[in-house]
Amino acid sequence: MKLAAYLARRLGSLVLVLLGMSVIVFLLLRSLPGDPAVMAAGGADATAEAIAKVREEMGLDEPLVVQYTLFVRNLLRGDLGRSIVTRREVLEDLKAFLPATVELAVASVFLACLVGIPMGVLSAVYRGRWLDALFKPLSVFAASMPVYWLGLMAILMFYGLLGWLPAGGRLSAGNVMPVQVTGLFTVDALLTGRPDLLWDALRHLALPAVVLSGISLGNIANLTRATMLEALAEPFIVTARSKGLPEAAVVMRHAFRNITMPVVTVVGLQLGQLMGGVVLTETIFSWPGLGLYAVSALDNFDYPILMVFTLVYSALYAGINILVDLLCALLNPQLSV
Amino acid sequence: MSEADWSAPLPLAARPHAWPWLRARLSAFRAAPQLLSLLFLLLLVAASLAPTLFTAEDPYAVQPLQRLRPPSTAHPFGTDEMGRDLWARIIYGARITLASSLSLIALAVVTGGIVGLVAGSASRRVDELIMRTTDLFLSFPRLILALAVAAALGRGMTNAVLAFAVLWWAQYARVMRSQVLVVREREFVTAAQALGCRRLRLIFRHLLPNCVTPVLVRATLDLGLAILLLSSLSFLGLGVQPPTPDWGAMVAVGRRYLLGYWWYPTFPGLAIFATVLAFNLVGERIKDLLDPRQGLSA
């Protein structure tokens, strides 16, 4: 089985990448300024004995190699350490903050596809006409926009000026999600049959999701347009046209179906690309996800949190990329890698 | 779309254009965005070399009586929470923006170039090792690792540049390596080898000059992204520190005053947007000029 061998090889490389990442992240974050033992023992007031005790407890007096193996062993056990500041388990925090990030990322990629793919297709079909002429400036604009500034401008406009949408958070003050099944508030509201909460959650999701989708919109539309142009120039399109098929069928059934794979690839990759933007968007909209969590840890030099955050994010990123590759391999029986 | 081009099928929309007259008039302005961008960048360079040409105000002068004034003739972009003139601060910020992004790209090009050159001209095993390492660096999300590195190194512009450079070189290494692999098969390399050219001389005198263009094109295209990401780091508080007038940091502080004093975060952000846009437009043009394959989609 070719696919099985391919799968094994990609998973093997994922393990290598994760190991490499863990080394880099470990070394980086061990060199953070500020002694974690001092901070854990209670800051500048801590006595020398207390600091030494904490240092021993945390294994900080061991050589780096030992510390690293300890770090990896704990990671594999699911013990991600505790926050230096709040003493809460990082794993618990991750579980609490991850759903918000997933909800935001999925919503914005969905939006970007909803707009970007038709935009790319239309722009390719009407190549050289006004719609296409509009396309290029729009995609360059999107690529040049600082996402955090776009977020601020959106708040200024839709919250400050018009008052249509809330400025931040996931729900209005006073509204609580009764049961959290998935942690995605929109889904939970649907599951528990609370249309009022669904509306509230959607209103809060709207601005951050639209702002964040701007990052990927241009890339998705660009790639759709480029691959669509290539597909439309293929000989089988001539055949389809000369058979007398209606143009809509030529475009949708013959050309578009042939570009699904590159489009799936770019959409998947966008999910990875989005991650930097997620941190910024969450900061702007006080969206209680992983990004906001990491930025607040940054202010406290809370190194276990940063370490885990960087690792989890990088692993997600690598994982998504590999998933995209696999999806392509599955979609295309011809692909022999 | 020339008329003699029978082989290419006419797409749905390739019918003759409705208003040839208008189109002819408009096409004269097709290069206008690029020209405007070039002009804007020239002004930006001027502002970073001689800010006093553009403003007489001191970007650090605290004026408690002039706090948070809206835009006016005296302060075209208004003033910030310490009464400092925002226009002056943006003008003085140009130097920081250009210096940091250029040094990031330069650092990455040199590092990546050397790595790619070594990988391309070394034995297969060394090449494999280097490229796997490069792949590892490419598989990190950029802003996220830069956050971690900048946190480790401490705040400040130099550290922010280093934080991105840690990952940024990898893509140039790839471009450089693939270029070396192509060029080293060419006849003049064989000729140089036959003439007894020494290895180092071969690499630096024959391979390097013939491989560097694609890397530089790529680097030009990346300048906008470098500004964008560096300013993001500043916005998160890890880049340039106040009171230095940095655009990203100004947006970060101005964010607290967004609803009452809209001009404060708006204008520094607009400066970032305009600069990145200008770099992207000029970069695209350079790419189109150097890569004839792209001519079709223009």
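Residues numbered from 1 in each chain as written. Chains lettered and ligands numbered in written order. Predicted model: local features only at pLDDT ≥ 70, side-chain atom pairs only at ≥ 80, totals over all residues.

(A) Region of interest: the overall build of chain B. Check the secondary structure of chain B and you find 10 helices and 0 strands. Reading chain B from its N end, one meets helices and strands in the order α-α-α-α-α-α-α-α-α-α. Across chain B, the fraction of contacts at a sequence separation of at least 24, relative to all contacts at a separation of at least 6, is 67%. (Helix = DSSP H or I, 4+ residues; strand = E, 2+ residues; numbered from the N terminus. Contact = placed C-beta atoms within 7 Å.)

(B) Structural view of the overall build of chain A. If you tally the helices and strands in chain A, you get 14 helices and 0 strands. Shown N-terminal to C-terminal, the secondary structure of chain A runs as helices and strands in the order α-α-α-α-α-α-α-α-α-α-α-α-α-α. Over its C-alpha atoms, taken along the principal directions, chain A stretches across nearly 85 × 55 × 40 Å. Put simply, 71% of the contacts in chain A that link residues at least 6 apart link residues at least 24 apart.

(C) Examining the packing of helix α12 (residues 260-284) of chain A against helix α5 (residues 142-153) of chain B more closely. Contact geometry of α12(A) with α5(B) gives a least axis separation of 7 Å together with a crossing angle of 55 degrees. Here α12(A) is positioned oblique relative to α5(B), judged by the angle of their axes. Taking contact as the criterion, the partners of M275(A), G276(A) and V279(A) in α12(A) are, on α5(B), R142(B), L143(B) and I144(B). Of the residues contributing to the contact of α12(A) with α5(B), the split by class is 4 nonpolar, 1 polar and 1 charged. (Axes fitted to C-alpha atoms, helices over the stretch in contact; angles between N-to-C directions. Parallel < 35°, antiparallel > 145°, perpendicular 65-115°, else oblique. Nonpolar A, V, L, I, M, F, W, Y, C, P; charged D, E, K, R; others polar.)

(D) Up close: helix α6 (residues 157-183) of chain B. The end-to-end C-alpha separation of α6(B) is 37 Å, in line with the 39 Å expected for 27 residues at 1.5 Å each. Taking the largest bend as the criterion, α6(B) deviates by roughly 40 degrees, centred on V166(B). (Expected span 1.5 Å × (residues − 1). Bend = angle between axes of the 7 residues up to and from the residue.)

(E) Quick peek at the environment of A152(B). Structurally, the position occupied by A152(B) is in helix α5. A152(B) sits 11 residues away from A163(B) along the chain, and the two C-alpha atoms are 9.1 Å apart.

(F) Here's a closer look at the interface of chain B and chain A. Taken together, the contacts link 39 residues of chain B with 49 residues of chain A. Contributions of two or more residues to the side of chain B that touches chain A are made by α5, α8 (199-235) and α10 (263-290) of chain B. Considering every element that reaches the side of chain B that touches chain A, the biggest residue donor is α5(B), with 9 residues. Considering only residue class, the side of chain B that touches chain A consists of 29 nonpolar, 8 polar and 2 charged.

(G) Representation of the confidence of the model for chain B. Residue and element names in this part refer to chain B. Taken residue by residue, chain B gives an average pLDDT of 85. The fraction at 70 or more is 87%. Averaged over each element, pLDDT in chain B is lowest for helix α1 (residues 20-27) (66) and highest for helix α3 (residues 86-121) (94). Low confidence marks residues 1-7, where pLDDT is under 50. Its contacts with residues over four positions away, or in another chain, come to 1 contact. Confidence drops under pLDDT 50 across residues 294-298; counting only partners more than four residues distant or on other chains, this segment forms 6 contacts. (pLDDT = per-residue confidence, 0-100.)

(H) Here's a closer look at α5(B). Residue and element names in this part refer to chain B. Over its 12 residues, α5 runs 16 Å from end to end, which matches the ideal 16 Å to within 8%, given 1.5 Å per residue. Across the 12 residues that make up α5, a large majority, 11, are buried. Listing the buried residues of α5 in full gives R142, L143, I144, L145, A146, L147, A148, V149, A150, A151 and A152. Positive phi shows up at G154, right after α5, with a value of about 105 degrees. (Buried ≥ 20, exposed ≤ 12 C-beta atoms within 10 Å, placed from the backbone.)

(I) How the structure looks around the packing of helix α5 (residues 90-125) of chain A against helix α9 (residues 195-232) of chain A. Residues and elements named next belong to chain A. Running from N to C, α5 and α9 cross one another at 35 degrees; their axes reach a closest spacing of 5 Å. Crossing hand, α5 versus α9: right-handed. Taken together, the residues that form the contact of α5 with α9 break down as 23 nonpolar, 8 polar and 2 charged. (Left-handed = near helix turned anticlockwise from the far one by under 90°.)

(J) Expanded view of unusual backbone geometry. In this structure, P243(B) follows P242(B) across a cis peptide bond, with omega equal to 10 degrees. Mapped onto the elements of the fold, P243(B) is located in the loop between α8 and α9 (247-254). The backbone of S286(A) shows a phi angle near 45 degrees, a positive value even though the residue is not glycine. When the 12 C-beta atoms within 10 Å are taken as the criterion, S286(A) is described as exposed. Here L68(B), not a glycine, exhibits a phi torsion of approximately 50 degrees, which is positive. Turning to its location among the elements, L68(B) is positioned in the loop between α2 (32-49) and α3. In this structure L68(B) comes out as partly exposed when scored by C-beta crowding, with 15 C-beta atoms within 10 Å.

(K) Representation of the environment of V176(A) within the structure. With respect to the helices, strands and loops of the structure, V176(A) is situated in the loop between α7 (147-161) and α8 (185-191). Here V176(A) falls in the exposed class, since 8 other C-beta atoms lie within 10 Å of it.

(L) Quick peek at the confidence of the model for chain A. Across chain A, the average pLDDT comes to 82, with 93% of residues at 70 or higher. Within chain A, the element-level pLDDT minimum falls on helix α2 (residues 36-40) of chain A, averaging 65, and the maximum on α7(A), averaging 92.

(M) Focus on the environment of R69(B). Residues and elements named next belong to chain B. Assignment of secondary structure puts R69 in the loop between α2 and α3. Taking C-alpha positions, R69 is 9.2 Å from D85, a pair spaced 16 residues apart along the chain. Apart from residues lying up to four places away in sequence, R69 is in contact with H75, G78 and T79.

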